[in-house]
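# Structural overview
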Amino acid sequence: MEAWYMDQSEEDQRLPHKLEPNEPVSLEELQKLGVFYWKLNADIYETDPELQKIREEHGYSYMDIITIPRDTLPNYEEKLKMFYEEHLHLDDEIRYILDGRAYFDIRDEDDRWIRISMDKGDLITLPAGIYHRFTLDETNYTKAMRLFVGEPVWKAYNRPADHFEIRQNWALVHCNSS
Ligand code: KMT
Ligand code: NI
């Protein structure tokens, strides 16, 4: 996992979009925004006691696996376009990269885009109410486990979605108005 502030360029979303010079974002800064991260051994995900422990402790009872190689996911281009629309959910978004790579972009408290580059073995949770988006990188391939507390709700609310209480709570906790 590696995170950085994005440049403003309109070029291909699959490019890294690092600033020049690079402006990295630390794990502590991500935690302050409510983002949590674990590194696991994805080769043993089916039997991994560490993953089991995280799932039990956080109540991640639901899981499925999504593979996104170019052309095989039904409505591939359409889905990817949807994932890259800035949105929020009313629940945490929990993703574990089992293979390949992916970018999760989140908005910080000043509305700047942070790009989180996720590799095999990276598990991340984005808090309910944070604005974010998703894209593949230039390798065009990821296999990810989706985890959820209870029955999954995939509904995404595109920005603006500021009227939701969960959004207002996120802003209250993470944005100080000074
Ligand atoms: C979302 O809601 O942002 C997603 O589910 C991203 C795709 S998960 C590999
Ligand atoms: Ni999402």
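Residues numbered from 1 in each chain as written. Chains lettered and ligands numbered in written order. Predicted model: local features only at pLDDT ≥ 70, side-chain atom pairs only at ≥ 80, totals over all residues.

If you check an unreviewed UniProt entry, the protein chain appears there as Acireductone dioxygenase from Scleropages formosus. Note on the protein chain: under the UniProt heading Pathway (unreviewed entry), the record states "Amino-acid biosynthesis; L-methionine biosynthesis via salvage pathway; L-methionine from S-methyl-5-thio-alpha-D-ribose 1-phosphate: step 5/6." (UniProt positions renumbered as here; feature names shortened; annotations may be inferred.)

Here the focus is the nonpolar core. Most often, soluble globular proteins have nonpolar side chains that are buried together. Ranked by internal contacts, the top residues of the largest apolar core, which has 26 residues, are Ala102, Phe104, Ile106, Ile116 and Ile124. When residues of this core are traced back to their parent elements, those giving at least two are β5 (93-100), β6 (102-107), β7 (113-118), β8 (122-126) and β10 (141-148). Not counting chain neighbours up to four residues away, the residues in contact with alanine 102 comprise Ile97, Met118, Phe134, Leu136, Asp137, Thr142 and Ala144. (Core = buried A, V, L, I, M, F, W, Y, C linked by C-beta atoms within 7 Å. Buried ≥ 20, exposed ≤ 12 C-beta atoms within 10 Å, placed from the backbone. Helix = DSSP H or I, 4+ residues; strand = E, 2+ residues; numbered from the N terminus. Contact = placed C-beta atoms within 7 Å.)

The subject of this paragraph is unusual backbone geometry. A negative phi holds for most residues other than glycine; trans holds for most peptide bonds. With omega at 0°, the peptide bond leading from glutamate 20 into proline 21 counts as cis. Along the polypeptide, proline 21 turns up in the loop between β1 (2-5) and α1 (27-32). Of note, the amide linkage connecting arginine 159 to proline 160 takes the cis form, showing an omega dihedral of 5°. Its place among the elements puts proline 160 in the loop between β11 (157-158) and α4 (165-174). Residue histidine 17 is not a glycine yet carries a positive backbone phi of 55°.

What follows deals with the site of ligand 1. Lining the immediate environment of ligand 1, one finds Ile66, Phe83, Glu93, Arg95, Phe134, Ala144 and Ala156. For the shell around ligand 1, the class distribution of residues is five nonpolar, no polar and two charged. (Near = placed C-beta within 6 Å. Nonpolar A, V, L, I, M, F, W, Y, C, P; charged D, E, K, R; others polar.)

Let's shift gears to the UniProt feature "binding site: Fe(2+)" (unreviewed entry) in the protein chain. With numbering aligned to this structure, UniProt lists the feature "binding site: Fe(2+)" (unreviewed entry) at His87, His89, Glu93 and His132. The named residues occupy 46 residues along the chain; their greatest pairwise C-alpha distance, 11.4 Å, places them in one compact cluster. Look at histidine 87 and you get partly exposed, because 19 C-beta atoms sit within 10 Å. Those residues in contact with histidine 87 that sit more than four places away from it in its chain are His132, Arg133, Ala156, Tyr157, Asn158 and Arg159.

With respect to the element layout, alanine 171 can be found in helix α4. Judged by C-beta crowding, with 14 C-beta atoms within 10 Å, alanine 171 ranks as partly exposed. Along the primary structure alanine 171 and isoleucine 106 are separated by 65 residues, whereas in three dimensions their C-alpha atoms are 13 Å apart.

Attention now goes to the environment of tryptophan 154. Tracing the chain through its elements places tryptophan 154 in the loop between β10 and β11. When the C-alpha atoms of tryptophan 154 and leucine 90 are compared, they prove to be 9.2 Å apart, with 64 residues separating the residues in sequence.

So, on to the environment of phenylalanine 134. Secondary-structure assignment places phenylalanine 134 in strand β9 (residues 132-135). Put simply, phenylalanine 134 and alanine 102 are 32 residues apart on the chain and 7.6 Å apart in space, counted from C-alpha to C-alpha. Sequence-distant contacts of phenylalanine 134, defined by excluding residues within four places in its chain, comprise Phe83, Tyr84, Ala102 and Phe104.

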